[in-house]
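Read off the chains here:
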Amino acid sequence: MSFNFDITAIVIIVLSIGFGYGRGFYKQFKITLAILAPFIVVVFAKDALFGLIDGLGFVDSVVNMVAKILGYFTLATADDAKLLLVYTVLFIVTSIVVSIFVGFFAPSKRKDVVTFKSKASKFVAAGLGLVRGVCLALIALYLLKEITVVNFDSPVTSLLVKIATPIIGDLTV
C-alpha cells in the first residue's frame, strides 16, 4: 500500500494561498523569497555546492554520519543528506538576507492597529502563496518519500515530480 500525497499537497497549497491572501504583498513576498531562493541556488549551483562539501573533510564526514543514522530509519542516502544540508543552510542564509533586503523597501510601519491592504496586494500575495505552497509541498514530498512509499502516479504528485525533477533530480528513486 502506498501513501497518496495529493491530499497533503493540496492542503499545503490551499493554506499557503489563504495565508498569502491574508498577509498582503510585502510580508508574503519576504516569506516566499526566503523559501524560493534556496531552490534557485540549488538549481544553478548544486554541483559546485556538492563539490565544496566534498572538499571539506569535516562537513563531508558529518554528512556521511547523518546519512548513516538516517539510513537506519529511512531510505536516505549521502546525496539526500547533502541536499538537505545545502538547502537548510541556504534557507537560513537567504532568510536573513531577504529579511534585511525587503525590510529596506517595505512601507513604513504605521502606528495604527488596523492597516489597509489593497485587493491587488492580497491577490498578488495569494499568487506568491501558491508559489510558496508548491515549494513547501516539494519539501514535504522529498522528506516523505524517504519515510514511506509514496504513490507517484497520482495527478498532483506526478505534477510536483515534473516540477521538481530539474531542481533536485528524480524524486521517484
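In case you missed it, the structure is sitting above this.
Let us look at the structure shown here. (Residues numbered from 1 in each chain as written. Predicted model: local features only at pLDDT ≥ 70, side-chain atom pairs only at ≥ 80, totals over all residues. Heavy atoms only, no water.)

Attention shifts here to the side chain of Asp6. On the secondary structure map, Asp6 appears in helix H1 (residues 6-23). Despite its burial, Asp6 pairs with no opposite charge; the closest candidate is Lys162, at 12 Å N-O. Of the polar contacts made by the side chain of Asp6, one reaches the backbone nitrogen of Val156; its length is 3.4 Å. Beyond its immediate chain neighbours, meaning those up to four positions away, Asp6 contacts Ser154, Pro155, Val156 and Thr157. (Helix = DSSP H or I, 4+ residues; strand = E, 2+ residues; numbered from the N terminus. Buried < 20%, exposed > 50% of the residue type's maximum accessible area, 1.4 Å probe, protein only. Lys, Arg positive; Asp, Glu negative; His and termini not counted. Salt bridge = Lys/Arg side-chain N within 4 Å of Asp/Glu carboxyl O. Polar contact = N/O pair within 3.5 Å; in protein donor to acceptor, adjacent residues only side chain to side chain. Contact = heavy atoms within 4.5 Å.)

Take a nonpolar patch on the surface next. A surface patch of nonpolar side chains, amounting to about 520 Å² of accessible area, comprises Phe91, Ile92, Ile96, Ile100 and Phe104. Checked against the element boundaries, Phe91 lands in helix H4 (residues 78-105). A relative accessible area of 30% means that Phe91 is categorised as partly exposed. (Patch = residues over 30% accessible without salt bridge, like charges linked within 9 Å, V, L, I, M, F, W, Y side chains within 5 Å. Areas by Shrake-Rupley, 256 points an atom, 1.4 Å probe, with all protein chains shown as cover.)

Topologically, Ser154 is positioned in the loop between helix H5 (119-144) and helix H6 (155-168). Beyond its immediate chain neighbours, meaning those up to four positions away, Ser154 contacts Asn4 and Asp6.

Let us now look at helix H3 (residues 57-73). Look at H3: 25 Å from first C-alpha to last across 17 residues, which is about the 24 Å you get at 1.5 Å a residue. Considered for burial, the residues of H3 that qualify are Asp60, Val63 and Ala67. One face of H3 carries all of its buried residues, which in axial projection span an arc of 60 degrees. Of the residues in H3, the exposed ones pointing more than 90 degrees away from the buried face are Phe58, Lys68, Tyr72 and Phe73. (Expected span 1.5 Å × (residues − 1). Arc of directions from axis to C-beta.)

Okay, the environment of Gly133 next. Among the secondary structure elements, Gly133 is positioned in helix H5. Assessed through its relative accessible area of 0%, Gly133 is described here as buried. Spatially, the C-alpha atoms of Gly133 and Val14 are 7.4 Å apart, while their sequence positions differ by 119 residues. Sequence-distant contacts of Gly133, defined by excluding residues within four places in its chain, comprise Ile12, Ile13 and Ser16.

Right, let's talk about helix H2 (residues 25-55) for a bit. Along H2, the helix axis deviates most sharply at Ala45, where the bend reaches about 80 degrees. Every buried residue of H2 is listed here: Gln28, Thr32, Ala34, Ile35, Ala37, Pro38, Phe39, Val42, Phe50 and Ile53. (Bend = angle between axes of the 7 residues up to and from the residue.)

A few words on the packing of aromatic side chains. For the structure on display, the rule yields three aromatic pairs. Consider the rings of Tyr21 and Phe123, whose centres lie 5.6 Å apart with planes at 65 degrees: the pair is edge-to-face. Note that Tyr21 is positioned in helix H1 and Phe123 in helix H5, a separation of 102 residues in sequence. Geometrically, the ring pair formed by Phe25 and Tyr26 is edge-to-face, given 5.3 Å between the ring centres and 75 degrees between the ring planes. Of the aromatic side chains, those joined through ring pairs into one cluster are Phe25, Tyr26 and Phe29. (Phe/Tyr/Trp six-rings, centres within 6.5 Å; stacked < 30°, edge-to-face > 60°.)

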